[in-house]
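Residue-level structure breakdown
Here is how the chains run, residue by residue.
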Amino acid sequence: MVKEEQEKKLSLKREDFGKDFKWGVSTAAYQIEGSHQADGKGPSIWDIFTAKRGKIYQAHNGNIACDFYNKYEEDLYLMKDLNIHNFRFSISWSRVIPAGVGVPNPEGIDFYNKLIDKCLALDIEPWVTLYHWDLPAALEQKGGWTNREIISWFKDYVTLCVQCFGDRVKNWMVLNEPLVFVGAGYFLGVHAPGKRGMKNFLPAIHHAALCQAEGARIIKQYYPLAKVGTTFSCSFIEPSRPIQKDIMAAQRIDALVNRLFIEPALGMGYPVEDLKFLKKMEKYQLPGDKALLQFDFDFIGVQNYTREIIKHSWFVPYIKARNIKAEKRKVPITAMKWEIYPDSIYQMLKKFNSYKKVRDIYVTENGAAFKDIIEDGRINDKRRTNYLKGYLKAVLQAKKEGMNVKGYFVWSFTDNFEWAEGFRPRFGLVHVDYQTQKRTIKASGKWYSNFLRNQVK
Ligand code: BGC
């Protein structure tokens with residue numbers, strides 16, 4: 001395709017999405033804040049995990065990260081300058097309750113009060129995630145997500161957050177991507193706390209699913225008018241070949257990746273038919289749990305980056321399926337080696353929209369990591385801009401077809417700590433020099449800003 005045609009294909013206007021559509025950026029506490037021991041903060045499982053040898057790319061950690069704890073005002077001014085009026089961030093549980101349960105930390109609470117107040121003063125709407133993976137380390141010592149007591153610890157934590165911030169925060173997300181933190185943290189052991197196996201995975205799934213609903217109920221109890229959501233990672237899943245074995249394998253992966261947490265919340269139970277190993281979860285279930293798993297969320301946060309191509313495999317335990325790496329398929333990829341495939345976001349919106357009980361949908365994360373090159377103080381990250389435009393076109397298509405998608409948040413505002421991958425992958429609209437903490441707006445950030453300029457909010 002010639003260059004102009006390609007440009008034309010990607011051209012889009014903010015007004016096409018309607019004036020009420022929310023535009024924002026997303027972040028998470030551990031990935032940006034730093035100040036991991038400041039002002040009475042307790043350690044989280046990520047402070048512990050990153051200190052272990054061999055867990056994180058080049059032994060990076062979030063001790064300083066983007067120094068957002070000290071630079072939040074500067075970053076919010078920059079956000080406003082870029083015409084971004086919705087900011088999704090998470091609260092660090094061990095900053096506000098250092099031991100996870102018990103005595104709150106006034107200085108930690110004060111930080112989020114100042115952050116929220118500054119957002120509001122700058123006409124930036126705060127969108128708060130209650131749990132973005134940084135469990136207080138003291139709770140992990142008692143079993144963390146594998147211990148059913150987490151329900152009461154989590155309820156106390158949510159109660160404190162709602163009591164402290166609920167007068168000003170109108171949009172809440174209970175969990176960030178439960179499958180990722182229970183899968184990577186309690187089955188594969190590649191994320192904190194580094195636990196493995198079904199005996200950890202199954203109870204962690206069930207307790208996270210219960211907390212998802214219990215946390216939401218608490219917010220509504222205090223603020224019935226608050227908008228309460230939760231967020232899911234999701235990938236468009238396709239079989240490698242049109243043969244029964246691969247189709248069934250893809251169906252199992254789809255149940256695991258895309259249905260495991262939404263369906264119990266909708267009252268449909270876990271997708272046990274497609275994932276037989278979930279039967280063993282009965283052991284962790286108590287009478288009455290099915291009802292407790294349900295909550296009528298105001299919105300669902302859909303977080304999509306890519307698609308997966310799935311093949312049957314006898315060798316993979318439980319799931320009998322494996323994905324064919326994008327690199328091997330010779331398709332365009334990002335620095336995470338994830339396939340660039342805009343249609344995946346359209347397919348995911350369609351999938352979530354097809355559940356009758358799902359109300360509003362927000363894309364609470366979408367974005368791409370690329371190797372950014374600074375030339376003469378500038379970063380011309382055309383690939384990121386094209387990625388965003390391509391995915392936004394797919395979101396627009398979904399909206400035009402009547403799907404209930406109400407907003408879009410780029411992951412992420414600045415480059416940040418990308419978990420086990422350390423600081424290597426850069427997802428930001430704004431570049432961070434981790435030596436000096438200097439922020440440089442990338443061409444993609446300028447593009448997003450221009451795109452948003454026409455209308456305020
Ligand atoms: C997570 C973020 C993460 C991003 C890119 C999502 O899975 O919520 O914390 O940085 O994807 O990998």
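Above this text you will find the structure in question.
Let us look at the structure shown here. For clarity, every value in this text was computed on a predicted model and none was experimentally measured.

Residues in contact with the ligand amount to 13 residues; listed here are only the nearest, Gln31, Asn176, Glu177, Glu365 and Glu418. Asparagine 176 is positioned such that a nitrogen or oxygen atom in its side chain is 2.8 Å from an oxygen atom of the ligand. Within the side chain of tryptophan 411, one N or O atom sits 3.3 Å away from an oxygen atom of the ligand. Taking 310 Å² as the accessible area of the ligand by itself, protein coverage stands at 94%. Taken together, the residues that form the shell around the ligand break down as six nonpolar, four polar and three charged.

Note that isoleucine 91 resides in the loop between β2 (86–90) and α5 (93–96). On the basis of relative accessible area, isoleucine 91 is assigned to the buried category, the value being 0%. In this structure the C-alpha to C-alpha distance between isoleucine 91 and leucine 130, which are 39 residues apart in sequence, comes to 5.6 Å. Beyond its immediate stretch of four places on either side in the chain, isoleucine 91 contacts Ala29, Val96, Tyr112, Val128, Thr129, Leu130, Asp134, Tyr157, Cys161 and Phe165.

A few words now on the pairing of β2. Summarising burial for β2: five of the five residues are buried, a large majority. The alternating pattern of β2 places Asn86, Arg88 and Ser90 and Phe87 and Phe89 on opposite faces, both of which are buried. Taken together, the two bridges between strand β1 (residues 22–26) and β2 define a ladder with parallel strand orientation. Paired with valine 25 across the bridge in β2 is phenylalanine 87. Alignment of β2 against strand β3 (residues 125–131), held across five bridges, turns out to be parallel. Its bridge partner being in β3, serine 90 is matched across the sheet by threonine 129.

Further remarks concern the pattern of salt bridges. Pairing between side chains of opposite charge can happen when their charged atoms approach one another. Enumeration over the complete set of coordinates arrives at 30 salt bridges. Glutamate 74 is the salt-bridge partner of lysine 71, the closest N and O atoms lying 3.2 Å from each other. One end of the pair, lysine 71, and the other, glutamate 74, are both in helix α4 (residues 68–81), three residues apart, so they sit about a helical turn from each other. Close ionic contact of aspartate 372 with lysine 442 constitutes a salt bridge, the shortest N to O distance being 2.5 Å. Taken as a pair, aspartate 372 in the loop between β8 (360–365) and β9 (374–375) and lysine 442 in the loop between β13 (438–441) and α17 (443–453) lie far apart in primary sequence, 70 residues in all. Overall, lysine 442 belongs to the buried group, its relative accessible area being 0%. Each of Asp372, Asp381, Arg384, Asp415, Arg426 and Lys442 takes part in salt bridges that share partners, so that together they form one network.

Turning next to the nonpolar core. Counting residues in hydrophobic clusters, the biggest one holds 144 residues, and the most contacted among them are Trp145 and Tyr448. Setting aside residues up to four positions removed in sequence, tyrosine 448 forms contacts with Trp23, Gly24, Val25, Ile84, Tyr408, Val410 and Leu429. Judged by nonpolar contacts, the second largest core, of five residues, contains Trp127, Met173, Tyr362 and Phe409.

Turning our attention to unusual backbone geometry. Looking along the chain, the bond that leaves alanine 192 and enters proline 193 is cis, with omega of 5°. Phi at glutamate 177 is positive, roughly 45°, even though this residue is not glycine. Take glutamate 177: it is sitting in the loop between β4 (171–176) and α9 (178–186). Located in the positive-phi region is lysine 320, a residue other than glycine, with phi close to 50°. Within the secondary structure layout, lysine 320 lies in the loop between β6 (299–312) and β7 (321–323). Here lysine 320 falls in the partly exposed class, since its relative accessible area comes to 28%.

As a packed pair, helix α15 (residues 343–353) and helix α16 (residues 382–400) sit with axes 7 Å apart at the nearest point and diverge in direction by 30°. On the basis of the axis angle, α15 is roughly parallel to α16. Relative to α16, α15 is oriented so that their crossing is right-handed. Along the contact surface, α15 presents Ser344, Ile345, Tyr346 and Leu349, while α16 presents Tyr391, Ala394, Val395, Gln397 and Ala398. The residue inventory of the contact of α15 with α16, partitioned by class, reads seven nonpolar, two polar and no charged.

Right, let's get into the state of the cysteines. One pass over the full model with this rule turns up zero disulfides. Cysteine cysteine 66 is unpaired, with the sulfur of cysteine 119 as its nearest cysteine sulfur at 16 Å. The exposure class of cysteine 66 is buried, given its relative accessible area of 1%.

Let us now look at the pairing of strand β11 (residues 405–411). Counting buried residues in β11 gives six out of seven residues, a clear majority hidden from the surface. For β1 and β11, the ladder comprises five bridges, and the chain directions are parallel. Looking at β11, one finds that valine 25 is bridged to valine 410. As paired strands, β8 and β11 are joined by three bridges and run parallel to one another. In the sheet register, tyrosine 362 faces β11, and the bridge partner there is glycine 407.

Let us now look at the packing of aromatic side chains. Within the structure shown, the criterion is met by 48 aromatic pairs. Between phenylalanine 68 and tyrosine 72, the ring centres sit 6.5 Å apart and the planes meet at 65°, which makes this aromatic pair edge-to-face. Here tyrosine 72 and phenylalanine 68 lie together in helix α4, a separation of four residues that amounts to about one turn. Since its relative accessible area comes to 9%, tyrosine 72 is described here as buried. Considering the side-chain rings of tyrosine 69 and phenylalanine 111, the 4.5 Å spacing of their centres and the 40° angle between planes classify their relative orientation as tilted. Of this pair, tyrosine 69 sits in helix α4 while phenylalanine 111 sits in helix α6 (residues 106–121), and the two are 42 residues apart along the sequence. One exposure class covers both tyrosine 69 and phenylalanine 111, and it is buried. A connected cluster of aromatic rings, assembled from ring pairs, spans Tyr30, Trp46, Phe49, Trp133, Phe417, Trp419, Phe423 and Tyr434.

Rules of the game
- Residues numbered from 1 in each chain as written.
- Predicted model: local features only at pLDDT ≥ 70, side-chain atom pairs only at ≥ 80, totals over all residues.
- Heavy atoms only, no water.
- Near = heavy atom within 4 Å.
- Polar contact = N/O pair within 3.5 Å; in protein donor to acceptor, adjacent residues only side chain to side chain.
- Areas by Shrake-Rupley, 256 points an atom, 1.4 Å probe, with all protein chains shown as cover.
- Nonpolar A, V, L, I, M, F, W, Y, C, P; charged D, E, K, R; others polar.
- Helix = DSSP H or I, 4+ residues; strand = E, 2+ residues; numbered from the N terminus.
- Buried < 20%, exposed > 50% of the residue type's maximum accessible area, 1.4 Å probe, protein only.
- Contact = heavy atoms within 4.5 Å.
- Pairing = 2+ DSSP bridges.
- Salt bridge = Lys/Arg side-chain N within 4 Å of Asp/Glu carboxyl O.
- Core = buried A, V, L, I, M, F, W, Y, C linked by side-chain atoms within 4.5 Å.
- Axes fitted to C-alpha atoms, helices over the stretch in contact; angles between N-to-C directions.
- Parallel < 35°, antiparallel > 145°, perpendicular 65-115°, else oblique.
- Left-handed = near helix turned anticlockwise from the far one by under 90°.
- Disulfide = S-S within 2.5 Å.
- Phe/Tyr/Trp six-rings, centres within 6.5 Å; stacked < 30°, edge-to-face > 60°.

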